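Structural overview for review
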Amino acid sequence: MKATIIGAGNIGKALAEGLVESGAAERSDITLTRRTANALDSFASEGFAVASDNRAAVAGADVVFLCILPQQLDAVLDEIVSVLEPQRQLVVSVVTGAHSNDLRKHLGPEARIIRAMPNTALRVKSSMTCLAASGATDKDLQFVQQLFGTMGTSIVIKEELMSAATALCACGIAFFLRSIRAASQGGVEIGFHAQDAIHIAAQTAMGAAQLILQNGTHPEEEIDKVTSPKGCTIAGLNEMEHQGLSSAFIKGIKLSATIAGQLYQK
Ligand SMILES: NC(=O)c1ccc[n+]([C@@H]2O[C@H](COP(=O)([O-])OP(=O)(O)OC[C@H]3O[C@@H](n4cnc5c(N)ncnc54)[C@H](OP(=O)(O)O)[C@@H]3O)[C@@H](O)[C@H]2O)c1
């Protein structure tokens, strides 16, 4: 597979590394672009193909990944439309808030588009990626599912849920990272060195996630197994709830989803 990633920023870089790590593509078959040419030097020295000309980069690709910011999307689409071959080239957009109809207005009715909402855990083959297809074939969707499957797990959702997916999945990684940091700060106050505290908190978070994913149980079922009557876990947990733990998560996720839906329009 020859892939072009337009926008070698946070997610473009994570995607490139994920594709290589998972064996889906060789470094030399991945072309990364951005406007700041010298910022691409480090990618070139790692063996990736690089370009600051999006049109030239799109020409040889089987799949074109759009990894630019919402406010940069229109200019990029107008730039590549004359070289993009809708019959041959699949477009995968990770751009927040841009509906497939917005892309189609620029790329034409035949464009095969898949929207993907991954997170930066692509790098370590642990992303949750939500996918929605528009005008793409079943084969395209299977291919992209398989591709993101090599970098974690993917599910297909209705496109109308893409802003919700952005909040829960793409922004979500930051929410869980912050919760790990918060736990580790508590750990330092009760006696651990910072590095040990982060290690213990992160591994504990991974264990909690694995219990849910592997057992298919509800979080409360697993919590019931940890909370003995009059015990220390329920005391800590209830104190966190009195301070608004669940409420803070719910409010934060709702706000992120609202803003995600407005980013391209603004
Ligand atoms: N970060 C995440 O975790 C995440 C997760 C899911 C989805 N997303 C979405 O992915 C997109 C990218 O996010 P990000 O965090 O990776 O942003 P970012 O770090 O700002 O990356 C955007 C990249 O696009 C490049 N760029 C801008 N205009 C360009 C152009 N005309 N041609 C080629 N490259 C261009 C920028 O480099 P130059 O300025 O040098 O051109 C920059 O490297 C956004 O739409 C975001 O909502 C992000």
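Structure: see above.
These notes cover the structure that comes with them. This one's a predicted model, so the numbers in the text were calculated from it and none came from an experiment.

So, on to the site of the ligand. Lining the immediate surroundings of the ligand are 24 residues, of which Ile11, Arg35, Thr36, Ile68 and Thr96 lie closest. One of the side-chain nitrogen or oxygen atoms of Thr96 is found 2.4 Å away from an oxygen atom of the ligand. Isolated, the ligand exposes 880 Å² of accessible area, and the fraction of that covered by the protein chains is 84%. For the shell around the ligand, the elements supplying multiple residues, two or more each, are helix H1 (10-21) and helix H4 (70-80). Counting residues per element, the shell around the ligand draws most heavily on H4, at three residues. Residues that form the shell around the ligand fall into these classes: 13 nonpolar, nine polar and two charged.

The next subject is a negative patch on the surface. Negative charge collects at one region of the surface, where Glu220, Glu221, Asp224 and Glu241 lie side by side. On the secondary structure map, Glu220 appears in helix H10 (residues 219-224). The exposure class of Glu220 is partly exposed, given its relative accessible area of 43%.

All right, on to the pattern of salt bridges then. Counted by the stated rule, this structure contains nine salt bridges. With its nearest N and O atoms 3.7 Å apart, the salt bridge here joins Asp62 to Arg88. Taken together, the residues Asp62 in the loop between helix H3 (54-59) and strand E4 (63-66) and Arg88 in the loop between H4 and strand E5 (90-93) connect sequence positions 26 residues apart. The partly exposed category is assigned to Asp62, whose relative accessible area is 33%. By relative accessible area, which is 33% here, Arg88 ends up partly exposed. Residue Lys225 is joined to Glu222 by a salt bridge in which the shortest nitrogen-to-oxygen separation is 3.3 Å. According to the relative accessible area criterion, Glu222 is buried, its value standing at 9%.

Within the fold, Ile11 resides in helix H1. Sequence separation of Ile11 and Ile68 is 57 residues, and the distance between their C-alpha atoms is 8.8 Å. For Ile11, the residues in contact, after removing those within four places along its chain, are Cys67, Val94, Pro118, Asn119, Thr120 and Leu122.

Thresholds, definitions, all that
Residues numbered from 1 in each chain as written. Predicted model: local features only at pLDDT ≥ 70, side-chain atom pairs only at ≥ 80, totals over all residues. Heavy atoms only, no water. Near = heavy atom within 4 Å. Polar contact = N/O pair within 3.5 Å; in protein donor to acceptor, adjacent residues only side chain to side chain. Areas by Shrake-Rupley, 256 points an atom, 1.4 Å probe, with all protein chains shown as cover. Helix = DSSP H or I, 4+ residues; strand = E, 2+ residues; numbered from the N terminus. Nonpolar A, V, L, I, M, F, W, Y, C, P; charged D, E, K, R; others polar. Patch = residues over 30% accessible without salt bridge, like charges linked within 9 Å, V, L, I, M, F, W, Y side chains within 5 Å. Salt bridge = Lys/Arg side-chain N within 4 Å of Asp/Glu carboxyl O. Lys, Arg positive; Asp, Glu negative; His and termini not counted. Charge placed at Lys NZ, Arg CZ, Asp CG, Glu CD. Buried < 20%, exposed > 50% of the residue type's maximum accessible area, 1.4 Å probe, protein only. Contact = heavy atoms within 4.5 Å.

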